[in-house]
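Chain by chain, the residues:
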Amino acid sequence: STGKKKKVLFLMSDTGGGHRASSKALVNALERLYPGKIDAEIVDIWTEHAGWPYKNFVPYYAVMAKRTWMWRMMWYYGRFWPTRKLQEIATRIQCSRRFGKCIADAKPDLVVSVHPLCQDIPLRQLAKIDGGSRKTPFVTVVTDLGSAHNTWFDGRGDYTFVPSDALEKMASRCGVPDDKIIKRGLPLREGFWDLAGSEKIKEATRNKLGLTTGVPTALVVGGGDGVGGIAKVATALGDALGEAKDPSGLVVVCGKNAQVKKELEERQWPDNVKPTILGFVDNMDEWMAASDCIVTKAGPGTIAEAATRGLPCLLSSHLPGQEAGNVKFVVENGFGAFVKKPAKIGETIAKWFSDLNLRERLSSKALEAARPSATLDIARDIGGLLFEGKAPQQA
Ligand code: UDP
């Protein structure tokens, strides 16, 4: 530890944006709860400290996320016990020493893993560093929502924080003792630490953002990269809302996808549909608070965020394996639907917009599924362990 501050080491890798986003949210919450008392460090251990080819996880992941068949192959390769064991042994041989050095150099008072591939080797290395058996507290915060890779779950850690009933069950099935599984929610950025679903907040936020007030407004998002065929989805949705004749708003967040943004900006939209085409936004909490529903790929972050704004979710696609459970999460909690075909998406949203009762029911279900206090709760649990050696209370 540096000075009197306690050192908290976050281990992750930038495969998708969620792991870093969750780390940052937790660091922010720790600083809020324990100002000046914690020195946090976030390390992409695979990129910065693994050997070839593992240090290329991040670019490989980006390629695979765009190619479903490759993704599916990798997902099942990692799930299947013999290939998983082989892989574990190979990475252990190649990365153990380097990871051990990274962890030893950081001199952590507590380690937080926010990645499915930051359990096995770090736990072994910590035990070594601590002289044979681990004394440094180690917790895992699962940043998936409805389904997750089984490498997340390792009974050797102190606590595993899960966001949902489904992952609570999975952790147990994967051998984490029940008293080490703590259900809280997904860590989210500060803008999502409260609930915002009221009509009053919605209208005030629309005013602030320069959106038309008093008309139902749909938000289309495709993760940080603007993927999931959002151009087709937005276009079909615009057409369906146009045919419905009532005035409506359509906000499309293209993220980093500049080409889609340009294409949608140049498009002629129906007269009764007011489009707002955006690039990457930093105030997603406000765009969500201003909308009446969201159309998105089944990203865990986006779904958990949308729930805190009481937004009905229409999921248009999901990555095989990892995101399939997120669809279940939405459907089983009753705040949305999974619809793939763009034309059908348009129809569904037009129906949600024409039926206020249905919309309100979906919205209240979303708020019920939301866990806005999760980030501060988990940070408080970490602080308890760090400063008092106190075990987190079961929810
Ligand atoms: N996001 C954002 N601005 C944008 C587009 C996306 O802040 O313009 C955020 C979004 O709010 C969410 C994250 O990017 O927190 C996407 O995470 P998710 O888990 O949904 O999908 P991923 O892109 O990680 O697969």
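The notes below deal with the structure included here. (Residues numbered from 1 in each chain as written. Predicted model: local features only at pLDDT ≥ 70, side-chain atom pairs only at ≥ 80, totals over all residues. Heavy atoms only, no water.)

1. Here's the deal with the packing of helix α9 (residues 230-243) against helix α14 (residues 342-354)
The cut-off we apply is this: Axis definition: a line fitted to C-alpha atoms, over the contacting stretch in the case of helices. Angles run 0 to 180 degrees between N-to-C directions. In DSSP terms, a helix is any run of H or I states spanning at least four residues, a strand is any run of E spanning at least two, and both are numbered starting from the N terminus. Roughly parallel here means an angle under 35 degrees, roughly antiparallel means over 145, roughly perpendicular means 65 to 115, and every remaining angle is called oblique. In a left-handed crossing the near helix is turned counterclockwise from the far helix by less than a right angle, and in a right-handed crossing that turn is clockwise. Contact criterion: two residues are considered in contact whenever any of their non-hydrogen atoms come within 4.5 Å of each other. For this classification, the nonpolar set comprises Ala, Val, Leu, Ile, Met, Phe, Trp, Tyr, Cys and Pro, the charged set comprises Asp, Glu, Lys and Arg, and every other residue, Gly included, is treated as polar.
Two elements in contact, α9 and α14, have axes separated by 8 Å at closest approach and are oriented at 45°. Comparing the axis directions of α9 and α14 gives the class oblique. The chirality of how α9 crosses α14 is right-handed. For the pair formed by α9 and α14, the contact residues are Lys232, Val233, Ala236, Leu237, Ala240 and Leu241 on the first element and Pro342, Ala343, Ile345, Gly346, Glu347, Ile349, Ala350 and Phe353 on the second. Class assignment of the residues belonging to the contact of α9 with α14 gives a composition of 11 nonpolar, one polar and two charged.

2. Let's talk about the packing of α9 against helix α10 (residues 258-265)
Orientation of α9 relative to α10, taken along the N-to-C sense of each, is 20°, at an axis distance of 10 Å. With respect to their mutual orientation, α9 and α10 come out roughly parallel. α10 is crossed by α9, and the crossing has right-handed handedness. Every residue of α10 that contacts α9 at Ile230, Ala231, Ala234 and Thr235 is listed here: Val260, Glu263 and Leu264. Among the residues making up the contact of α9 with α10, the classes are represented as five nonpolar, one polar and one charged.

3. Some points on the site of the ligand
Condition: Residues are classed as near a molecule or strand on a simple rule: at least one heavy atom within 4 Å of it. Residues adjacent in sequence count toward polar contacts only when both atoms are side-chain atoms; beyond that, a polar contact is any pair of N or O atoms within 3.5 Å, and within protein one must be able to donate a hydrogen and the other to accept it.
Around the ligand, 17 residues are found, and the nearest of them are Arg189, Val281, Lys297, Thr302 and Glu305. Interatomic distance of 2.8 Å between a side-chain N/O atom of Lys297 and an oxygen atom of the ligand. A distance of 2.6 Å separates an oxygen atom of the ligand from a polar atom in the side chain of Glu305. Residue contributions to the shell around the ligand peak at four residues, all from helix α12 (residues 300-308). By residue class, the composition of the shell around the ligand is five nonpolar, nine polar and three charged.

4. Some points on the sheet that holds strand β5 (residues 159-162)
The following threshold applies: At least two bridges found by DSSP between two strands is the condition for calling them paired.
Pairing is parallel across the open sheet formed by six strands, whose spatial order is β2-β1-β3-β4-β5-β6. A single partner strand is all that each edge strand has here, and the edge strands are β2 (38-44) and β6 (181-183). On average, adjacent strands in this sheet sit at an angle of 20° to one another, irrespective of strand direction. Two strands pair when backbone bridges link them, and strand β3 (residues 110-113) and strand β4 (residues 138-141) are joined in this way by three bridges, in the parallel orientation. What sits directly across from Val112, in β4, is Val139. Its contacts with the sheet put helix α16 (residues 374-388) on β1 (6-12), β2, β3, β4, β5 and β6, and the angle it makes with β3 is roughly 150°.

5. So, the nonpolar core
What counts is decided by this rule: We call a set of buried Ala, Val, Leu, Ile, Met, Phe, Trp, Tyr and Cys residues a nonpolar core when their side-chain atoms join them within 4.5 Å. Relative accessibility under 20% of the residue-type maximum defines a buried residue, over 50% an exposed one, and the middle range a partly exposed one, all with a 1.4 Å probe and only protein chains included.
Counting 32 residues, the largest nonpolar core has Leu219, Trp287, Met288, Ile294, Ile303 and Phe335 as the members making the most contacts within it. Put simply, the parts of the chain that give this core at least two residues each are β7 (217-221), β8 (248-253), α11 (284-289), α12, β11 (313-317), α13 (324-332) and α15 (356-369). The biggest single contributor to this core is α12, with four residues. With residues near it in sequence (within four places) discarded, Leu219 still touches Val251, Val253, Trp287, Met288, Ser291, Cys293, Ile294, Val295 and Leu311. By size, the runner-up hydrophobic cluster in this structure holds 27 residues, among which are Leu237, Leu250, Cys254 and Val260.

6. Re the sheet that holds strand β12 (residues 336-338)
Strand order in the open sheet formed by six strands is β9-β8-β7-β10-β11-β12, and the pairing between neighbours is parallel. The outermost strands of the open sheet, each flanked by one partner alone, are β9 (273-278) and β12. In this sheet, neighbouring strand axes are inclined to one another by 15° on average, regardless of whether the strands run parallel or antiparallel. Bridge count for β8 against β9 is six bridges, and the pairing is parallel. Looking across to β9, one finds that Val251 is bridged to Thr276. The strands touched by α9 within the sheet are β7, β8, β9, β10 (293-297) and β11, with β8 carrying the most contacts at an inclination of about 175°.

7. Side note on the pattern of salt bridges
The cut-off we apply is this: Between Lys or Arg on one side and Asp or Glu on the other, a salt bridge is scored when a side-chain nitrogen of the former is within 4 Å of a carboxyl oxygen of the latter.
Under the defined criterion, the tally for this structure stands at 24 salt bridges. Linking Glu265 and Lys261 is a salt bridge whose minimum nitrogen-to-oxygen distance equals 3.1 Å. With Glu265 and Lys261 both in helix α10 and four residues apart, the pair spans about one turn of that helix. On the basis of relative accessible area, Lys261 is assigned to the partly exposed category, the value being 26%. Look at the salt bridges and you will find they share partners, linking Glu199, Lys202, Glu203, Arg206 and Asp292 into a network.

8. Overview of the pairing of β3
As a reminder of what qualifies: Call a crossover right-handed when, viewed with both strands pointing away from you, the route from the first strand across the helix to the second goes clockwise.
On β3, burial covers both faces: Leu110 and Val112 on one face and Val111 and Ser113 on the other are all buried. As judged from the four bridges shared by β1 and β3, these two strands associate in the parallel manner. Within β3, the residue paired with Leu9 across the bridge is Val111. Handedness of the β-α-β unit built from β3, helix α6 (residues 120-129) and β4 comes out right-handed.

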